[in-house]
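Overview (structure and organization)
The residues making up each chain are set out below.
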Amino acid sequence: MPHSVLIIDDEETIRKSLGYLFAAKGFSVSAAATIAEGLKLAWAARPELVILDNRLPDGTGLQALEMIKAEQPDIMVIMLTGYANLPDAVQAMRKGAYDYLTKPVDIDALEIAAERALETQGLKKENLVLKMRHGGSHTGVIGNSREIHKILLIMGLLAENPDTTVMITGESGTGKELAARTIHSLSARKDRPFLDINCASLSEHLLESELFGHERGAYTDAKEMKKGLLEVADGGTVFLDEIAELSINLQPKLLRVIETKTFRRVGGTRDIKVDVRIMAATNKDLSNPENRKNFREDLYYRLCVMPVHMPPLRARENDVLDLARYFLSQSAAIKKNITEISEDCEGYLLAYSWPGNIRELRNVIERAVILSQGPAITPEHLPHELLEKKEHAVREERADYPSAPCSLDRLEKEHIKKTMDFSRGNQSLAARLLGISRSTLINKLKKYNLL
Ligand SMILES: Nc1ncnc2c1ncn2[C@@H]1O[C@H](COP(=O)(O)OP(=O)(O)OP(=O)(O)O)[C@@H](O)[C@H]1O
Ligand SMILES: [Mg+2]
């Protein structure tokens, strides 16, 4: 099925030129010059994408957007607007537009925006995503950003392929273990054990005996035979956390388990066959050969058949507030009648860079719940490191902003520059703070030569 687009614009040249553009890309195209006509087509043709002008003969694009979204929330809407109407565009984003572009329309920017809109829509439609949120016993993978949608899709694939080895990378606190447990609990192995072990917390010998077990008499104090995790987890999953710390002596043994599904207990001579899936995690960037000097290449590549990278929280466009509200709902807040996070508090949460990622966010919310007397969490309940950064930034902002009257373009450029500095070049965070999509931000960075 070709993709479908509806163009609602009263200027014939725009309808025609955009129509040609999308038709050339294989879209089925319909076009309307008024809201009334546009809505009729939207209901009849159910396009995936609507390109919507802001000024139409029978109303504003904002009104049309509301009507479209109320009836068919799945339709992705890209607004076109003049510079003078930028505040409208921001409103439109709040009301569910996917993106906005300024007129005259930059064709490249429109193509990028349209592609992204369809990609996002495709991901939203994916059942796997829904399954991931509601299906298993270890659900609770919260987040709606593009980044987390992609991860949920990969996790779905890995759940459907219960023999594939899984390698999960990402900074501390990004949800690696949660991802591993979720994949397990959605897979055919879900009724068998999920056993985890931290490769950094045990000595080589202890780790070996924990993993592989030992025969009676293998050590002086080995009075009984003991099964290792691999045997106990038979049919299930063994999760090796901090795999980068696995000693060089144990690496070939693990490789053998992955390749042949067999191993020997310590002190044993018999091969034991098991059916386990190996999952591993690390917060080191092992893709950099410098960081894996102590890691066998063959094992590295064997583990990384299907890598999952958990992005840091600061790179997940919209997830901070969703997660904060989720942790609030999971905490003692209900008992204390704390139901909301104040708006300025949200500002601090969004502006912070979260070096400890989701775990840090959870701790911050739990602490705030303890401190707050209700009904809301306010900035005074946040730790000072969150407040410091923002105050600093606000002060800087005031000092540098053009003080004399200037054009909107100039102001927009300065504001984008500041926001990019503040978010240390992180485009997703900057876009979130500016209340625009990342693709819009990129277009603006290009326009103002800030890339
Ligand atoms: N997407 C998410 N939705 C809800 N909770 C999450 C999400 N990601 C992580 N968490 C929670 O954040 C905390 C940290 O996650 P987890 O322990 O999985 O991180 P990790 O990457 O394994 O960290 P480390 O590298 O320090 O071991 C846990 O309480 C987990 O439940
Ligand atoms: Mg962990």
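Note that the coordinates shown come from a computational prediction; the quantities given were computed from them, not determined experimentally.

Let's talk about the packing of aromatic side chains
Given two aromatic rings, their pairing is described by the distance between the two centres and the angle made by the two planes. Per the counting criterion, the structure on display carries six aromatic pairs. Relative to Trp354, the ring of Tyr352 lies with its centre 4.7 Å away and its plane at 85°, an arrangement referred to as edge-to-face. A single burial state applies to Tyr352 and to Trp354, both of which are buried. A cation over a ring is seen here: Arg292 above Tyr300, with NZ or CZ 4.1 Å from the ring centre.

Concerning the pairing of strand E12 (residues 237-241)
Buried residues dominate E12, accounting for five of its five residues. Every second residue of E12 is oriented toward a common face, with Thr237, Phe239 and Asp241 on one face and Val238 and Leu240 on the other, all of them buried. With five bridges connecting them, strand E9 (residues 194-198) and E12 associate as parallel partners. Paired with Ile197 across the two strands is Leu240, which belongs to E12. Bridge analysis of E12 against strand E15 (residues 277-282) gives four bridges, and the strand direction is parallel. Across the sheet, residue Thr237 finds its bridge partner in E15, namely Arg277.

A word on the packing of helix H17 (residues 408-422) against helix H19 (residues 438-447)
At their nearest, the axes of H17 and H19 sit 11 Å apart, and the two run at 115° to each other. In terms of orientation, H17 and H19 fall into the roughly perpendicular class. In the crossing of H17 with H19, the sense of the turn from one axis to the other is left-handed. Contacts between H17 and H19 involve Asp409, Glu412, Ile416 and Met420 on the former and, on the latter, Leu441, Lys444, Leu445 and Lys447. Broken down by class, the residue content of the contact of H17 with H19 amounts to four nonpolar, no polar and four charged.

A word on the environment of Leu118
By the element assignment, Leu118 lies in helix H5 (residues 107-125). Distance from Leu118 to Glu171, taken between C-alpha atoms, is 30 Å for residues 53 residues apart in sequence. Setting aside chain neighbours within four positions, we find Leu118 in contact with His3, Phe27, Glu48 and Leu49.

Quick word on helix H18 (residues 427-434)
Helical geometry: 3.6 residues make up each α-helical turn, so side chains three or four residues apart lie on a common side. Most of H18 sits inside the fold, with six of its eight residues counted as buried. When we look at burial in H18, the residues that qualify are Gln427, Ser428, Leu429, Ala430, Ala431 and Leu434. Here the buried face of H18 lies against helix H7 (146-160), helix H14 (343-351), H17 and H19. Following H18 by one or two positions, Gly435 adopts a phi angle in the positive range, close to 75°.

Re the domain arrangement of the protein chain
What the domain assignment reports for the protein chain is domain 1 (4-125), domain 2 (129-309) and domain 3 (315-447). Taking the mean C-alpha position of each, domain 1 and domain 3 sit 29 Å from one another. With ten residues of domain 1 at the interface, the matching set in domain 3 holds 14 residues. Taken together, the two surfaces of domain 1 and domain 3 that pack against each other cover about 930 Å², and 49% of this comes from carbon and sulfur. Taken together, the connections running from domain 1 to domain 3 amount to zero salt bridges. Our enumeration of links across domain 1 and domain 3 arrives at three residue pairs in polar contact (both at pLDDT 80 or more). For the side of domain 1 that touches domain 3, the secondary-structure elements that each account for two or more residues are helix H4 (86-94), strand E7 (99-102) and H5.

Here's the deal with the layout of surface pockets
Of the pockets and cavities examined, the second largest pocket occupies roughly 640 Å³. Lining the second largest pocket we find 27 residues, and of these Gly173, Gly175, Lys176, Leu178 and Arg359 sit closest to its centre. Elements that contribute at least two residues to the lining of the second largest pocket include exactly helix H8 (176-186), E12, helix H13 (319-330) and helix H15 (357-371). The two domains that each donate at least three residues to the lining of the second largest pocket are domain 2 (129-309) and domain 3 (315-447).

Comments concerning the sheet that holds strand E1 (residues 4-8)
In spatial order, the strands read E2-E1-E3-E6-E7; together these five strands make up an open sheet with parallel pairing. On the outer flanks of this sheet lie strand E2 (28-32) and E7, each paired with one strand and no other. The average undirected angle you get between the axes of adjacent strands in this sheet is 20°. Each of E1 and E2 is contacted by helix H2 (residues 35-45), which is oriented at about 150° to E2, the strand it contacts most.

Re the side chain of Ser331
By secondary structure assignment, the location of Ser331 is in the loop between H13 and strand E17 (340-341). For Ser331, the side chain forms a polar contact with the main-chain oxygen of Leu328, separated by 2.8 Å.

Side note on H13
Here H13 contains twelve residues, and its C-alpha end-to-end distance of 16 Å stays within 8% of the 16 Å for a straight helix at 1.5 Å per residue. Within H13, the full set of buried residues consists of Asp319, Val320, Leu321, Leu323, Ala324, Phe327 and Leu328. Elements in contact with the buried residues of H13: H7, E17, H14, H15, strand E18 (376-377) and H18.

Quick notes on the nonpolar core
Counting 32 residues, the largest nonpolar core has Leu230, Leu240, Ile243, Ile278 and Leu303 as the members making the most contacts within it. When contributions to this core are tallied by element, the ones reaching two or more residues are E9, helix H9 (204-212), helix H10 (229-232), E12, helix H11 (251-260), E15 and helix H12 (297-303). Broken down by element, the residue count for this core peaks at four residues, all from H11. Listed in part, the 30 residues of the second largest apolar core include Leu62, Ile68, Met79 and Tyr448.

Considering the pattern of salt bridges
Any two side chains of opposite charge can pair if their charged atoms end up close together. Taken as a whole and judged by the stated rule, the model has 29 salt bridges. Note that Glu12 and Lys16 form a salt bridge whose closest N and O atoms lie 3.4 Å from each other. A residue pair is termed a helical-turn pair when its members lie 3 or 4 positions apart in one helix, as Glu12 and Lys16 do in helix H1 (residues 12-24) at four residues. The class for Lys16 is partly exposed, based on a relative accessible area of 47%. Linking Lys25 and Glu115 is a salt bridge whose minimum nitrogen-to-oxygen distance equals 4.0 Å. Residue Lys25 is located in the loop between H1 and E2, and its partner Glu115 is located in helix H5; the two are separated by 90 residues in the primary sequence.

Parameters at a glance
Residues numbered from 1 in each chain as written. Chains lettered and ligands numbered in written order. Predicted model: local features only at pLDDT ≥ 70, side-chain atom pairs only at ≥ 80, totals over all residues. Heavy atoms only, no water. Phe/Tyr/Trp six-rings, centres within 6.5 Å; stacked < 30°, edge-to-face > 60°. Buried < 20%, exposed > 50% of the residue type's maximum accessible area, 1.4 Å probe, protein only. Lys NZ or Arg CZ within 6 Å of the ring centre and 35° of its normal. Helix = DSSP H or I, 4+ residues; strand = E, 2+ residues; numbered from the N terminus. Pairing = 2+ DSSP bridges. Axes fitted to C-alpha atoms, helices over the stretch in contact; angles between N-to-C directions. Parallel < 35°, antiparallel > 145°, perpendicular 65-115°, else oblique. Left-handed = near helix turned anticlockwise from the far one by under 90°. Contact = heavy atoms within 4.5 Å. Nonpolar A, V, L, I, M, F, W, Y, C, P; charged D, E, K, R; others polar. Domains from an automatic or database assignment. Buried area = accessible area lost by both parts, 1.4 Å probe. Salt bridge = Lys/Arg side-chain N within 4 Å of Asp/Glu carboxyl O. Polar contact = N/O pair within 3.5 Å; in protein donor to acceptor, adjacent residues only side chain to side chain. 1 Å grid on protein atoms, 1.4 Å probe; cavity = no way out; pocket = protein on both sides within 12 Å on 5 of 7 lines; lining within 4 Å. Points joined across faces, edges and corners; volume = space filled by probe spheres on them. Expected span 1.5 Å × (residues − 1). Core = buried A, V, L, I, M, F, W, Y, C linked by side-chain atoms within 4.5 Å.

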